Amino acid sequence: MARATRGDEGKGNAEDGSLHWADQMARECRRRVEESPLLKKIVKEKGHIVYDEKTPSGKIHIGSGRGWIIHDAIAKAMKSMGLKGRFILSSDDIDPFDKMNADLPPKYRQYLGMPFMDIPSPEKGYDSFADYYFRMCTDRFEEFGIDAELESTGGRYRKGDFNKAIRTALDKAHIIDRIFEELYGHPLGKLPFNPICEKCGRIGTTVATAWDPDREAVTYTCAKDAVEWAKGCGHTGETSPYDGAGKLPWKVEWAAKWPTVGVVCELAGKDHFAAMGSRDAAIRISDQVYGFPPPYPSTATKTGKGYEFFTVGGKKMSTSKGQGIGFSDITGYVPANMLRYLLIATRPHAVIDFDPENGNDLILLYERFDRTERVYFGAEGANEHEKQKHRRIYELSHIGTIPKRLPPQVQLTHAGVIVQTQPTINDAIATLQELGNIPADLTPADRQYVTDRLLFAKRWIDTFAEEQYRFTLQETVTMDLAPKEKEALYTVAARLKERKWDEMSLHEEFRRIADAAGLPTKEFFRAAYLALIAKERGPKLARFILSIGAGKVAKVLGTIG
Ligand SMILES: [Zn+2]
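All values reported here derive from a predicted model rather than from experimental measurement.

Caption draft 1: Representation of the coordination of the zinc ion within the structure. Around the zinc ion, the protein supplies Cys197 (SG), Cys200 (SG), Cys222 (SG) and Cys233 (SG) as donor atoms, at distances of 2.2 to 2.3 Å. Coordination geometry of the zinc ion: the four donor atoms subtend angles of 103 to 116° at the metal centre, consistent with an arrangement described as tetrahedral. Read N to C, the donor residues that coordinate the zinc ion are spaced as C-x2-C-x21-C-x10-C. In this pair, Cys200 sits in the loop between strand S4 (194-195) and strand S5 (206-212) while Cys233 sits in the loop between strand S6 (217-222) and strand S7 (236-239), placing the two residues 33 residues apart along the sequence.

This is the structure in structure tokens:
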């Protein structure tokens, strides 16, 4: 098979049988559209809309980030197929504020029951509570390579986009009741519309009691005891349900969005896809009330599968108010490009439990990424199937323009050693060049690539790496050593001064020195680590010594008394 030209987002791959999940999903969406005259018409006008939505009720969990990257990848896969794929993310900012979060001052209790978009922002510089929490994530999208069109669900209500769907829901309230009856054994129990109380501005407390289809008016009460988390003002009124006067209840709203926006694909976390969950209700409402085919992966009768849980955890991270890590905090523990790679390389139906504080998880992620990158650039062999797989993962996960040649890779553990032995990033790069780990001639982009990795390694070592990856080079040797060990290390100091070494020849020399001193190799290495870093184990010795600088090490070993 002809190789996709580097840097063109792999045009053609999606067409010719790529097995990547995003390409498979994009192809399935295309097939559905081709089979439905209704969808065909919508898509012709609006493009293939991949949709996601999030209630900005507080700091948004990293699990939602998985959905954003999945949807972004599907839209990009559609583009690779020549379709007009669009990822739209809407802020469900007209939802009611139903729970205080630990970051909010107590005065926020007064806003319970109000739409998030009508509540002041906890921080200056944002339009509202909703704007603050939504932008905490979306302002970072570029860094994660997520191309999303951002929308406000409340804004759509205000523009009147949902008017038709509201009218239909109210006219067909009996069908919605029947669907709820089938699924949950009881009807919705109210009219499918929640007005915003004209007196107190709350939306979580109102109950619509009557719908007059001729006058297009809803009668409602702002109930004092409708919900436990907010108290209504007791007002009774009548309002037109249109143009932002209120919203549809969640499961009805989910279904109403699909024909209103023209959605062909919308996944969600698997909790939404559970039997009798919100998706189950929404697909029936979409089909029976709106006559609209529910988006991929659902059909009118089958919910399909949601994406699996994505948890990022570790001891230090989980203590933060017990909520798990937020999307906006994740780059403190794993760089955006590595996180995107992890989510693109893993099928959405596989659980991911990633623990950056467990060195293995992080080191393995870097190793996987590096291998994919080498295979992409032909610097590592792989069979045709593997090559195709890695190429597509690289294309879909790469942020920004794909470079023309393999960037200079440095293993995370080695980068961790270098940043602990060199005072500055420039010294670290110079050392890597001396060691022959990276080329002597770096383009500015190459240099940035290495710098990013070193900076992350430094953050890792300084803030959350396990003890085994951290060390302090001793200025004078303080540990007790046996005479044979001292003798061997004196010899090391002498040899280091004699000539210039490379990693391999120095390693060989260590074996000879240990033999000559009558020391088992294992004991020799243990003695060297004790002398240099006061630990029994450490990074690969020859490379470690060269990373620090042979002269510097000889000086330390010279202090053995
Ligand atoms: Zn009220």
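Back to the write-up after that little detour.
Caption draft 2: Focus on the nonpolar core. Membership of the largest hydrophobic core comes to 137 residues, with the highest contact counts inside it found for Phe97, Tyr290 and Trp460. With nine residues, helix H3 (residues 62-80) is the largest single contributor of residues to this core. Among residues more than four places away in sequence, those in contact with Phe97 are Leu104, Tyr108, Tyr111, Leu112, Gly113, Met114, Phe116, Ile119, Phe129 and Trp229. Among the nonpolar cores identified, the runner-up in size contains 36 residues, and Ala493, Leu496, Ala531 and Ala542 belong to it.

Caption draft 3: Fine view of the domain arrangement of the chain. Domain assignment breaks the chain into domain 1 (19-160 + 187-249 + 261-266), domain 2 (316-397), domain 3 (412-469) and domain 4 (483-557). Inter-centroid distance (C-alpha atoms) of domain 2 to domain 3 is 20 Å. Buried area between domain 2 and domain 3, summed over both chains or domains, comes out near 1100 Å², and the portion from carbon and sulfur atoms is 59%. When the area that domain 2 buries against domain 3 is broken down by residue, the three leading residues are Gly332, Ile363 and Tyr366, summing to 38%. If you look at where domain 2 meets domain 3, you find one salt bridge. Measuring nitrogen to oxygen at the nearest pair gives 2.8 Å for the salt bridge that ties Arg453 to Asp370.

Caption draft 4: Layout of the pattern of salt bridges. One pass over the structure, following the stated rule, counts 45 salt bridges. In this structure, the salt-bridge partner of Lys389 is Glu386, at a minimum N-O distance of 3.6 Å. Taken together, the residues Lys389 and Glu386, both in helix H13 (residues 384-397) and three residues apart, mark about one turn of the helix. For Glu386, a relative accessible area of 19% corresponds to the buried category. Measuring nitrogen to oxygen at the nearest pair gives 3.4 Å for the salt bridge that ties Arg543 to Glu503. Of this pair, Arg543 sits in helix H20 (residues 541-548) while Glu503 is found in helix H18 (residues 503-517), placing the two residues 40 residues apart along the sequence. We classify Arg543 as partly exposed; its relative accessible area is 22%.

Caption draft 5: Spatial organisation of the side chain of Ser121. Tracing the chain through its elements places Ser121 in the loop between strand S2 (85-91) and helix H4 (129-138). Judged by its relative accessible area of 15%, Ser121 is buried. Polar side-chain contacts of Ser121 include one of 2.4 Å to the backbone oxygen of Glu123. Dropping the residues within four chain positions of it, Ser121 is found in contact with Tyr108, Tyr126, Ser128, Phe129 and Tyr132.

Caption draft 6: Broad picture of the sheet that holds S5. Strands sit in the order S5-S6-S7 across an open sheet of three strands; the sheet is antiparallel. At either margin of the open sheet sits one strand with a lone partner, and together these are S5 and S7. With direction set aside, neighbouring strand axes in the sheet form an average angle of 25°.

Caption draft 7: Inspection of the packing of helix H6 (residues 163-171) against helix H7 (residues 173-184) at higher detail. Axis separation between H6 and H7 bottoms out at 4 Å; the angle between their running directions is 70°. As the angle between them shows, H6 and H7 are arranged roughly perpendicular. Contacts between H6 and H7 involve Ala169, Leu170 and Asp171 from the former and Ala173, His174 and Ile176 from the latter. Along the lines of polarity and charge, the residues of the contact of H6 with H7 split into four nonpolar, one polar and one charged.

Caption draft 8: Structural context of the pairing of S2. Most of S2 sits out of view: seven of its seven residues are buried. Bridge count for strand S1 (residues 48-54) against S2 is seven bridges, and the pairing is parallel. Its bridge partner being in S2, His48 is matched across the sheet by Gly85. Regarding topology, H3 serves as the crossover connection from S1 to the parallel S2, and that connection is right-handed. Bridge analysis of S2 against strand S3 (residues 149-152) gives four bridges, and the strand direction is parallel. Across the sheet, the residue bridging to Ser90 is Glu151, located in S3. The β-α-β motif built from S2, the intervening H4 and the parallel element S3 has right-handed crossover chirality.

Caption draft 9: Region of interest: the sheet that holds S3. Taken in spatial order, the four strands of this open sheet run S3-S2-S1-S9, and their pairing is parallel. Each edge of the open sheet carries a strand with a single partner, namely S3 and strand S9 (263-265). Strand-to-strand twist across the sheet, computed as the mean angle between neighbouring axes with direction ignored, equals 45°. Taken together, the two bridges between S1 and S9 define a ladder with parallel strand orientation. Note on S9: the bridge partner recorded for Val50 is Cys265. Each of S1, S2 and S9 is contacted by helix H2 (residues 37-46), which is oriented at about 85° to S1, the strand it contacts most.

Criteria and cut-off values
- Residues numbered from 1 in each chain as written.
- Predicted model: local features only at pLDDT ≥ 70, side-chain atom pairs only at ≥ 80, totals over all residues.
- Heavy atoms only, no water.
- Donors = N, O, S within 2.8 Å, 3.2 Å for Na, K, Ca; no water.
- Tetrahedral: all angles 85-135°; square planar, octahedral: opposite > 155°, others 65-115°.
- Helix = DSSP H or I, 4+ residues; strand = E, 2+ residues; numbered from the N terminus.
- Core = buried A, V, L, I, M, F, W, Y, C linked by side-chain atoms within 4.5 Å.
- Buried < 20%, exposed > 50% of the residue type's maximum accessible area, 1.4 Å probe, protein only.
- Contact = heavy atoms within 4.5 Å.
- Domains from an automatic or database assignment.
- Buried area = accessible area lost by both parts, 1.4 Å probe.
- Salt bridge = Lys/Arg side-chain N within 4 Å of Asp/Glu carboxyl O.
- Polar contact = N/O pair within 3.5 Å; in protein donor to acceptor, adjacent residues only side chain to side chain.
- Pairing = 2+ DSSP bridges.
- Axes fitted to C-alpha atoms, helices over the stretch in contact; angles between N-to-C directions.
- Parallel < 35°, antiparallel > 145°, perpendicular 65-115°, else oblique.
- Nonpolar A, V, L, I, M, F, W, Y, C, P; charged D, E, K, R; others polar.
- Right-handed = clockwise from strand over helix to strand, strands pointing away.

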